[in-house]
Amino acid sequence: MSDKQDLERNDSTTLTSLKKYLFTDIDGEKATAPLSAYCFMTGFIDAVCFSAIFVWCAFQTGNTVQLGLAIARLFNGQHDDSFHIADQQALCSLITFILGASIARIGDKMGCKTRAWLALGTLIQTFFTMAAAIAIWKSGQAAVADSRADPAWTNTLSFVCVGFMSASMGLQGIMGKRTNTQFTTTVVLTTTWCELMADPQLFNIRRLVISRDHKIMAIGSLFLGGFLGRALLDQIGSAGTLGVGTGLRFIVSIWWLFVPGKAAKQ
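Rules of the game
- Think of each chain on its own: its residues are numbered from 1, step by step along the sequence as written.
- Owing to the predicted nature of the model, reporting of local features is limited to residues with pLDDT of at least 70; listing and counting of side-chain atom pairs is limited to 80 or more, with chain, interface and lining totals taken over all residues.
- Hydrogens and waters are ignored; side-chain quantities use all the structure's heavy atoms.
- The helix and strand labels rest on DSSP assignments: H or I over at least four residues marks a helix, E over at least two residues marks a strand, and numbering proceeds from the N terminus.
- Here the term buried applies to any residue with accessible area under 20% of the maximum for its type, exposed to any over 50%, and partly exposed to those in between, with areas from a 1.4 Å probe on protein chains only.
- Throughout, a contact is declared for two residues whenever any of their heavy atoms are within 4.5 Å.
- Methods summary: accessible areas were calculated by the Shrake-Rupley approach with a probe of 1.4 Å, and residue burial reflects only the protein chains presented.
- Neither His nor the chain ends is counted toward charge; the positive residues are Lys and Arg and the negative residues Asp and Glu.
- Charge positions come from single atoms, namely NZ of Lys, CZ of Arg, CG of Asp or CD of Glu.
- Working convention: axes come from line fits to C-alpha atoms, limited for helices to the stretch in contact. Angles between N-to-C directions cover 0 to 180 degrees.
- Roughly parallel here means an angle under 35 degrees, roughly antiparallel means over 145, roughly perpendicular means 65 to 115, and every remaining angle is called oblique.
- We call a crossing left-handed when the near helix sits turned anticlockwise from the far one by less than a right angle, and right-handed when that turn is clockwise.
- Residue polarity is assigned by list, with Asp, Glu, Lys and Arg as charged and Ala, Val, Leu, Ile, Met, Phe, Trp, Tyr, Cys and Pro as nonpolar; anything else, Gly included, falls into the polar class.
- Polar contacts, as counted here, are pairs of nitrogen or oxygen atoms within 3.5 Å of one another; within protein the pair requires one atom able to donate a hydrogen and one able to accept it, and residues that are adjacent in sequence qualify only if both atoms are side-chain atoms.
- As used here, the term nonpolar core means buried Ala, Val, Leu, Ile, Met, Phe, Trp, Tyr and Cys residues forming a set that is joined through side-chain atoms within 4.5 Å.
- Salt bridge, as used here, is a side-chain nitrogen of Lys or Arg placed within 4 Å of a carboxyl oxygen of Asp or Glu.

### Describing the overall build of the chain
Scanning the chain from N- to C-terminus turns up nine helices and zero strands. In sequence order, the chain lays out its α and β elements as α-α-α-α-α-α-α-α-α. Its C-alpha atoms give the chain principal-axis dimensions of roughly 85 × 55 × 40 Å. When each of the 266 residues of the chain is scored for burial, the buried share is 44%. Partitioning the contacts of the chain with sequence separation of at least 6, the portion at a separation of at least 24 is 75%. Summing over all exposed atoms, the chain offers an accessible surface of approximately 14100 Å²; the carbon and sulfur share of this is 65%. Positive and negative side-chain charges in the chain, numbering 22 and 18 respectively, have mean positions lying 7 Å apart.

Written out as structure tokens, the structure is:
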């Protein structure tokens, strides 16, 4: 009887320790690797989307302006009231990006900086990327468009693909922002460029400057992701490239579990 009680007590202690570990806030200063991977995935996923339809599924500034231009066409005297395919794709991306970002509210309940939420949220991004890969595979459409006037993706399943990719980026953006590091959102890097150029220590190359160096890493990771995404796209197509992206995101979701926790205040 005593052995059984000891075993139950040990199991309870183990579960308590595991829960405490998972719901401990990560140290943002030691999360450079997974946050760089987030920036890499932004470039990687956008390479697939932009190559096919010239719409950014992560950068919603352009999509928002594009929709404004679409509405302006109604008043230009030519009475062009057609809903262009490019405008439909931009609207699809914007709406699903917002929906994906809304999922990040789960992190408010779990703790937006806890290992549990960061791993779970990235796993959700993984499922979204996998769904996008399956959708574009089943659509049977090409990977690269010849011109803006002739997008490679036009059927319903391609819209599903755009939606899932944009939702994954919306979720990633909010999760990156909530970590409150120099990587900011890991999605929109215009602000990162501005902050980098405004950094007083920009040209102080004799020592490490976190505020500068992490921004450079974010920009470099984004560029590398776009480069490799397009290189893969030419070799294995959209579905294959998104399949690789699914695997990469799964690795990042596991990676979050091993980021050191924030040290307790003395």
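Anyway, onward from the coordinates.
### Re the packing of helix H6 (residues 115-139) against helix H7 (residues 156-178)
One way to put it is that H6 packs onto H7 with a least axis distance of 8 Å and a crossing angle of 165 degrees. Relative to H7, H6 is oriented roughly antiparallel. The element H6 and its partner H7 pack so that their crossing is left-handed. Per-class residue counts for the contact of H6 with H7 are 16 nonpolar, eight polar and one charged.

### Some thoughts on the side chain of Thr129
Here Thr129 lies in helix H6. Side chain to side chain, Thr129 and Arg249 meet in a polar contact 2.7 Å long. Among all residues touching Thr129, those that are not within four sequence positions of it are Ile45, Ser168, Leu242, Gly245, Thr246 and Arg249.

### Structural notes on the nonpolar core
With 28 residues, the main nonpolar core has Ile45, Ile53, Trp153, Cys161, Met165, Met169 and Leu242 as its most contacted residues. Contributions of two or more residues to this core are made by helix H2 (32-53), helix H4 (85-103), H6, H7 and helix H9 (210-255). Ignoring any residue separated from it by four or fewer positions in sequence, one finds Met169 in contact with Met41, Thr42, Ile45, Cys57, Ala58, Phe97, Val187 and Arg249. Counting residues in hydrophobic clusters, the runner-up holds 25 residues, among them Ala37, Trp117, Ala167 and Leu222.

### Quick notes on the pattern of salt bridges
Taken as a whole and judged by the stated rule, the model has six salt bridges. Here Arg73 makes a salt bridge to Asp87, at a shortest N to O gap of 2.4 Å. Within this pair, whereas Arg73 is found in the loop between helix H3 (60-72) and H4, its partner Asp87 is found in helix H4, the two being separated by 14 residues in sequence. With relative accessibility at 4%, the residue Asp87 sits in the buried group. A salt bridge links Asp234 to Arg230; the shortest N-O distance between them is 3.2 Å. Residue Asp234 and its partner Arg230 are located together in helix H9, separated by four residues, close to a single helical turn. Classification of Asp234 by relative accessible area gives partly exposed; the value is 46%. Overall, Arg230 belongs to the partly exposed group, its relative accessible area being 34%. Salt bridges sharing partners connect three or more residues here, namely Arg105, Asp108 and Arg178.

These figures capture arrangement, not role.
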